[in-house]
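The lines below spell out each chain.
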Amino acid sequence: MTPAARVQAAIEVLDRIGAGAAAEQALLGWSRGARYAGSKDRRAVRDHVFDVVRRWRSCAELGGAETGRARMIGLLRSQDADLDAVFSGQGHAPAPLTPDERVTSDPPQGFAALDLPDWLGSMFEQSLGDQASNVARTLQERAPVFLRVNGLKSTRASAQQQLRAEGIETTPVDVSPTALRVDVGARAVARSAAYLNGVVELQDAASQAVVDALPLRAGMRVLDYCAGGGGKALAMAARLGAGPVEAHDIDPKRMTDLPARAQRAAADVVQTRAPSGVYDLVLADAPCSGSGAWRRAPEGKWRLSESGLAELCETQAEILDTCAGLVAPGGILAYATCSVLNCENQDQATAFVKRHPGWTVKSQKSFLPGETGDGLFVALIEAPI
Ligand SMILES: C[S@@+](CC[C@H](N)C(=O)[O-])C[C@H]1O[C@@H](n2cnc3c(N)ncnc32)[C@H](O)[C@@H]1O
């Protein structure tokens, strides 16, 4: 495919997203009908699509309409691309620009320039103060790829060497002693021997730092109550050395890949449908807006509603209350989100200790999205003796 044909394909995918399809589904739908497209073409179309979804609002303003074509024009305009070279109408390229499409508007302002819905823009300001614009701008960009070095199998220096031998260049990231940022060869990671042998896992660097913040000690009974794919359960097992870490999720299908991942990593993680008794540490990595990770999953920014956020906050409080019953006297309830919004973070920890006299918030840590990972929050809440 020519670069222009890839843009035309992205326009078609964006129209499907604009009509309500999820981005992954829309890409899959296009990809199934595009047998002529090679892997580089598919990656390029995907990159165009996600670049626009991150900047959905400003691209529409810059392109002058809410169609896939207009948003793509808006994206290319923001990049100072030569629009006539792309919109040539030749071969599979998009049709030439109309006179209306040639008219450029003033640059987007306010929350449109930051690619946030107005209501969320206000919440960003309330939660992040003078960091709000910086965080929103960061969420307009692609996220770096990070790896976690599995301490059960390797050291960071040795993992770097193994990866380098496979053409993957990395840099240690200060936020966690296990984190590497991939500088070259990100697409090769999933088929590298280092990955397939469990030496490294794909995991955001700040997510690793959240696990670093947990007071884990060998011999503890540990539960990951919202384990999902098990990224944090695996990291906890690596820190504990000897397990097991018990992994639970309301939707066990989400843990389908966990046994294979645990085996690859030589990590002692067992699944439990019904946690019972009490644990020294319970991690509640709760479902949330995902606002700290909108570089990777940008649709969330546009699909989240005020009522949806309120529902998430209710669920978070319910999960915390349930988990409280699973923590041993003097044990730790660790509450984590990948959100930058106070209502899902500090406010939840504060409300929890108000509802549960005797419990105390021992520490809270927030990570903003940036060069060292996604935006996350973790609070350590101690149970009364
Ligand atoms: C943020 S994700 C977990 C990510 C995971 N800990 C990791 O590091 O890869 C939240 C998970 O919570 C699960 N969940 C939602 N409501 C729940 C509930 N009431 N009880 C337990 N798990 C729940 C979801 O199915 C989802 O897998």
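Everything numeric in this text was worked out from a predicted model, so none of it was measured. (Residues numbered from 1 in each chain as written. Predicted model: local features only at pLDDT ≥ 70, side-chain atom pairs only at ≥ 80, totals over all residues. Heavy atoms only, no water.)

(A) Up close: the site of the ligand. Lining the immediate surroundings of the ligand are 15 residues, of which Cys 226, Ala 227, Asp 249, Arg 254 and Asp 285 lie closest. The backbone of Cys 226 places a nitrogen or oxygen atom 3.1 Å from a nitrogen atom of the ligand. The side chain of Asp 285 places a nitrogen or oxygen atom 2.7 Å from a nitrogen atom of the ligand. Partitioning the shell around the ligand into residue classes produces seven nonpolar, four polar and four charged. (Near = heavy atom within 4 Å. Polar contact = N/O pair within 3.5 Å; in protein donor to acceptor, adjacent residues only side chain to side chain. Nonpolar A, V, L, I, M, F, W, Y, C, P; charged D, E, K, R; others polar.)

(B) Inspection of the pattern of salt bridges at higher detail. Under the defined criterion, the tally for this structure stands at 24 salt bridges. We note a salt bridge from Arg 142 to Asp 47, for which the minimum N-O separation is 3.8 Å. Linking Arg 142 in the loop between helix H10 (132-138) and strand S1 (145-149) with Asp 47 in helix H3 (residues 39-54), this pair joins segments that are 95 residues apart in sequence. Linked by salt bridges that have partners in common, Asp 47, Asp 51, Arg 54, Arg 142 and Arg 187 make up one network. (Salt bridge = Lys/Arg side-chain N within 4 Å of Asp/Glu carboxyl O. Helix = DSSP H or I, 4+ residues; strand = E, 2+ residues; numbered from the N terminus.)

(C) Structural context of the domain arrangement of the protein chain. Entries for the protein chain in the domain assignment read domain 1 (3-108), domain 2 (145-202) and domain 3 (213-382). Centre-to-centre separation of domain 1 and domain 3, based on C-alpha positions: 37 Å. Together, the buried faces of domain 1 and domain 3 total about 670 Å²; carbon and sulfur atoms form 60% of this surface. Interface area lost by domain 1 to domain 3 is led by Phe 50, Val 53 and Arg 54, which between them contribute 57%. Taken together, the links from domain 1 to domain 3 amount to zero salt bridges. For the pair domain 1 and domain 3, the interface holds five residue pairs in polar contact (both at pLDDT 80 or more). When contributions to the side of domain 1 that touches domain 3 are tallied by element, the ones reaching two or more residues are H3 and helix H4 (56-63). Grouping the amino acids of the side of domain 1 that touches domain 3 by side-chain chemistry returns seven nonpolar, one polar and two charged. (Domains from an automatic or database assignment. Buried area = accessible area lost by both parts, 1.4 Å probe.)

(D) Quick look at the packing of helix H1 (residues 3-18) against H3. Where H1 meets H3, the closest approach of the two axes is 9 Å, and the angle between their N-to-C directions is 50°. As judged from the angle between their axes, H1 and H3 are oblique. The two elements H1 and H3 meet at a crossing, and its hand is right-handed. Between H1 and H3, the residues in contact are Arg 6, Val 7, Ala 9, Ala 10, Val 13, Leu 14 and Ile 17 and Lys 40, Asp 41, Ala 44, Val 45, His 48, Val 49, Val 52 and Val 53, respectively. Of the residues that constitute the contact of H1 with H3, the class distribution is eleven nonpolar, one polar and three charged. (Axes fitted to C-alpha atoms, helices over the stretch in contact; angles between N-to-C directions. Parallel < 35°, antiparallel > 145°, perpendicular 65-115°, else oblique. Left-handed = near helix turned anticlockwise from the far one by under 90°. Contact = heavy atoms within 4.5 Å.)

(E) Fine view of the sheet that holds strand S11 (residues 376-382). The strand order S7-S6-S5-S8-S9-S11-S10 describes an open sheet built from seven strands, whose pairing is mixed. Each of the sheet's edge strands pairs with one partner strand only, and the pair in question is strand S7 (269-271) and strand S10 (360-367). Adjacent strand axes in the sheet meet at a mean angle of 20° when their direction is disregarded. Strands strand S9 (327-337), S10 and S11 of the sheet are contacted by helix H18 (residues 346-355), whose axis makes an angle of about 175° with S10. (Pairing = 2+ DSSP bridges.)

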